[in-house]
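If you want the building blocks of each chain, they are given just below.
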Amino acid sequence: MSGQIRILVVDDESVTRLMVRRVLLDSGYDVMEAEDGKAAVASCREHLPDLVLMDVRMPAMNGFDACRAIRKLPSGQLVPILMLTGLDDVMAVTLAFEAGATDFITKPINWALLGQRLRYALRTNRTARRLRDSQQLLDRAQRIAQLGQWTLSMDGLTLTCSSEMREMLGLDDDVALDCDALLQRVVQEDRPRLAAFLDRLQSGGGEEPVEVRFHVGQGMRHLAWSGSLSLDDHGRPKSCFGVVQDLTDRRDAEAQLNYQAHFDALTGLPNRVLLRDRLRTAVTASHRGGTGFAVMELRTNAMARARAAGGPAAADRVLRAVAEHLSGLLRERDTLSHLGGERFVLLVSDVNGEVDAGTVAQRLTEAFSNPLVVDDWELLATVHAGVALYPADGDEPEALLRSAAAAQARAETECARESGYRFFTEGIQERVARTIATQVALFRGLERGEFELHFQPVVQVTDQRCVGVEALLRWRRPGVGLQMPDTFIAMLEQTGLILDAGEWVLRSAIASIKALPISLAINVSPRQLQHPNIANRLLRVAEEMDFPPSRLEIEITEQAVLHDEERAFAALHDMAARGVRIALDDYGVGYSSLHRLKQLQRLPLHALKIDRAFVTTLLSDTADAAIVRSTIDLCHELGILVVAEGVEDDSTLERLSSFGCDLAQGYGIGRPMPPSGLGDWMSNSRFGSLPM
Ligand code: C2E
Ligand code: MG
Ligand code: MG
């Protein structure tokens, strides 16, 4: 076996070469000779030996230069080169190592040991080669498995990554990383996961792998991290070591598959599978106390028309246009799905009853009253929708889909050539249509100035003089007549229009009464008080109109502070601090109780208005009289004024006076009147006479 090992002996002294050759041949090596450095390099270039034994001092090319030249040959890095140096030539030894020599042997040669030295050098070389080969194999295996390795110092400050890992992270070779810099590259939501993983490792804890996403260039890579603690010779933690596996391709493929399984290829909309999933989620969410939802099936003849006119390709284009058109009309949280052909199903979430669902259906069907524009042609098409409400029309996905389909079929027969929608439950259609019509009318009414204000005087009981008015909203609805607040306030609230209406009320009321020496009370509804900026909004109006806040009174009901107490409380305190007076309206109806009253003490109340239900019966009902009287006493105890509402005659006013009531309001004093009548009333009524 050793006969195959080839040794190149380089020396300019032929005697030395001869002796070395003899010893080596005896030891079973194959021997080649060269008489100077130049010849040695040429020989190596032709056939690399397993070992070079080379003299340093030679003509033509010395040993050092030859050594350097051999190292530059292909695979020349690995061949062991032993230099023959003089016994005390320290300089030569240093130069030899610098030139890349593996070891040195001193002259005169110790013949007995020469064989051993060579064997030893060859063995070390074999080990080094094996190590390098296995390293290369490992690198290749890691590259194939898309693995990278890392080491983290115990203080978390130094992170060393293999070149594979650097590639995965898109890091240049010279970028140094510590824990923080590493985490900066992690997708934000995954950061805590990786941080916890590294913490756990460092404290010797669990070694559960984690998968985190990294920002790399324009994209994202999914890397799975696993690791363990490395210990030093004394069993103390030395560093953390681990591997990362690049799962990006796998995750991308999964995402792609997932997309294909859940989305319609033509429209990009969710398909039946995803719709069912969303429906199930909606049912569960509703069970947990979320809001209701509706399922709507829509069918359009747009594609059939396009196909008839321009073939299947045209139909596909129109299908995409319809999908886009419908999607554009929806909110983010609604799911529009395409079930194939002309069928779309919409999951409308956050539906607060039939009117909400009807509004959406109306919007979608109305959107088809104009021609659909697809590229360069226009297409007039119809859409028919059927609405099923959860849980009334089905308490699970399949039942709801069936109900929606049945309602859709009815819409198709009943609306025929017009776009339109039908509810599954027949009775509600009319009611919803009426409500929506009223909502639309209210909206237009606000825009077109159909609202007006009436003012009802408030008098001081002691001297029976008018000290203020309450503004009361009216709607002069075209074709219907003057509408009282109870027919539309609730709807203004539901639609959110109350915010604009409320501002209009304040502005218009101030304009009407500003010149009179009285205060102004306006009603503010619960929904208005929920608005985060209500105090500023109202006070800005007063300021713009140069109306002092001290002349303004806000009437609220208990409901206003029932829901989101903190926000309403904050708004009221804010207004009170800026001089606005706060009155509690309709006291006595609804939730009033002594307990509530105590709670209401947290409000900056200026006055309390006793509901007319107690006042109109004051003279006939002793219980009501007792309630009114004790409420007045209680309020005075708390430093709150009392206003009696619904005073319809003089005797009631007298009785209130005897109870010590502060203010009064009612038909017996003055009915709500248009601003034009207010001046007259002021001058002519016995309550109205303006102070001299
Ligand atoms: P409210 O604030 O308690 O207003 C008093 C209501 O009692 C008014 O009805 C008024 O016309 C009526 N009233 C006054 N004196 C008498 C009386 O002696 N006998 C009888 N039977 N009724 C009397 P109106 O104008 O129909 O207002 C009803 C409610 O609508 C108001 O109750 C108020 O809560 C609300 N409202 C009115 N205007 C507005 C407004 O601008 N914004 C808001 N948010 N709500 C308003
Ligand atoms: Mg009021
Ligand atoms: Mg009232």
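Placed above this text is the structure.
Residues numbered from 1 in each chain as written. Chains lettered and ligands numbered in written order. Predicted model: local features only at pLDDT ≥ 70, side-chain atom pairs only at ≥ 80, totals over all residues. Heavy atoms only, no water.

1. So, the overall build of the protein chain
Each helix and strand in the protein chain was counted, giving 25 helices and 26 strands. By the compact-globule yardstick of 26 Å for 692 residues, the protein chain is too spread out, its C-alpha radius of gyration being 47 Å. A buried classification covers 46% of the 692 residues belonging to the protein chain. Expressed as a percentage of contacts within the protein chain between residues at least 6 apart in sequence, the contacts between residues at least 24 apart total 62%. Within the protein chain, one finds 75 positive and 95 negative side-chain charges whose respective centroids are separated by 4 Å. (Helix = DSSP H or I, 4+ residues; strand = E, 2+ residues; numbered from the N terminus. Rg over C-alpha atoms; globule rule 2.2 N^0.38 Å. Buried < 20%, exposed > 50% of the residue type's maximum accessible area, 1.4 Å probe, protein only. Contact = heavy atoms within 4.5 Å. Lys, Arg positive; Asp, Glu negative; His and termini not counted. Charge placed at Lys NZ, Arg CZ, Asp CG, Glu CD.)

2. Here we look at the pairing of strand β8 (residues 210-216)
Among the seven residues that make up β8, five are buried, leaving the element largely enclosed by the rest of the structure. Looking at chain direction, β8 and strand β9 (residues 219-231) are connected through seven bridges and run antiparallel. Counterpart to F214 in the pairing with β9 is R221. Here β8 folds back onto β9, and the loop between the two strands holds two residues, one of which, G217, carries a positive phi near 55 degrees. (Pairing = 2+ DSSP bridges.)

3. Looking at the site of ligand 1
In the region of ligand 1, 23 residues are neighbours, and R474, N523, D585, E648 and Y667 sit closest. Between ligand 1 and E645, the relevant distance is 3.1 Å, taken from an oxygen atom to a side-chain nitrogen or oxygen of the residue. For ligand 1, a nitrogen atom lies 2.6 Å from a polar atom in the side chain of E648. The fraction of the free accessible surface of ligand 1 (800 Å²) that becomes covered by protein chains is 84%. Of all the cavities here, the one that holds ligand 1 is the largest pocket. Put simply, the parts of the chain that give the shell around ligand 1 at least two residues each are β19 (465-477) and β23 (581-587). Looking at the shell around ligand 1 element by element, the count peaks at four residues for β19. Partitioned by chemical class, the residues of the shell around ligand 1 number nine nonpolar, six polar and eight charged. (Near = heavy atom within 4 Å. Polar contact = N/O pair within 3.5 Å; in protein donor to acceptor, adjacent residues only side chain to side chain. Areas by Shrake-Rupley, 256 points an atom, 1.4 Å probe, with all protein chains shown as cover. 1 Å grid on protein atoms, 1.4 Å probe; cavity = no way out; pocket = protein on both sides within 12 Å on 5 of 7 lines; lining within 4 Å. Sits in = over half its atoms within 2 Å of the grid points. Nonpolar A, V, L, I, M, F, W, Y, C, P; charged D, E, K, R; others polar.)

4. Observations regarding the layout of surface pockets
Gaps left between atoms show up when a probe the size of a water molecule is rolled over them. By volume, the largest pocket is sized at about 1100 Å³. What lines the largest pocket is a set of 38 residues, and nearest its centre among them are E470, L472, P485, N523 and D585. Broken down by secondary-structure element, the contributors of at least two residues to the lining of the largest pocket are β18 (451-460), β19, α15 (489-495), α16 (498-513), β21 (519-523), α17 (526-530) and β23. As a volume, the second largest pocket reaches approximately 640 Å³. Surrounding the second largest pocket, 20 residues form its lining, V355, D356, T359, Q439 and T495 being those nearest its centre. Elements represented by at least two residues in the lining of the second largest pocket include exactly β13 (343-351), α12 (354-366), α14 (428-448) and α15. Here the element with the most residues in the lining of the second largest pocket is α12; it accounts for seven residues. Residue classes in the lining of the second largest pocket are distributed as six nonpolar, eight polar and six charged. (Points joined across faces, edges and corners; volume = space filled by probe spheres on them.)

5. Details of the pairing of β19
The pairing of β18 with β19 spans 10 bridges and is classified as antiparallel. Across the sheet, L453 pairs through a bridge with L473, a residue of β19. Counting the residues in the hairpin turn of β18 and β19 gives four residues, including Q464, whose phi is positive at 55 degrees. Looking at chain direction, β19 and β21 are connected through three bridges and run parallel.

6. Here's the deal with the packing of aromatic side chains
Taken as a whole and assessed by the stated rule, the structure comprises nine aromatic pairs. Aromatic pair W475 and F488: ring centres 6.0 Å apart, planes at 80 degrees, arrangement edge-to-face. With W475 in strand β19 and F488 in the loop between β20 (481-483) and α15, this pair connects stretches of sequence that are 13 residues apart. No difference in accessibility class separates W475 from F488, as the two residues are buried. Aromatic rings pair up to connect W150, F214 and W225 into one cluster. Its guanidinium or amino end placed over the ring of Y667, R671 lies 3.9 Å from that ring's centre, counting from NZ or CZ. (Phe/Tyr/Trp six-rings, centres within 6.5 Å; stacked < 30°, edge-to-face > 60°. Lys NZ or Arg CZ within 6 Å of the ring centre and 35° of its normal.)

Purely spatial values, then, with no claim about function.
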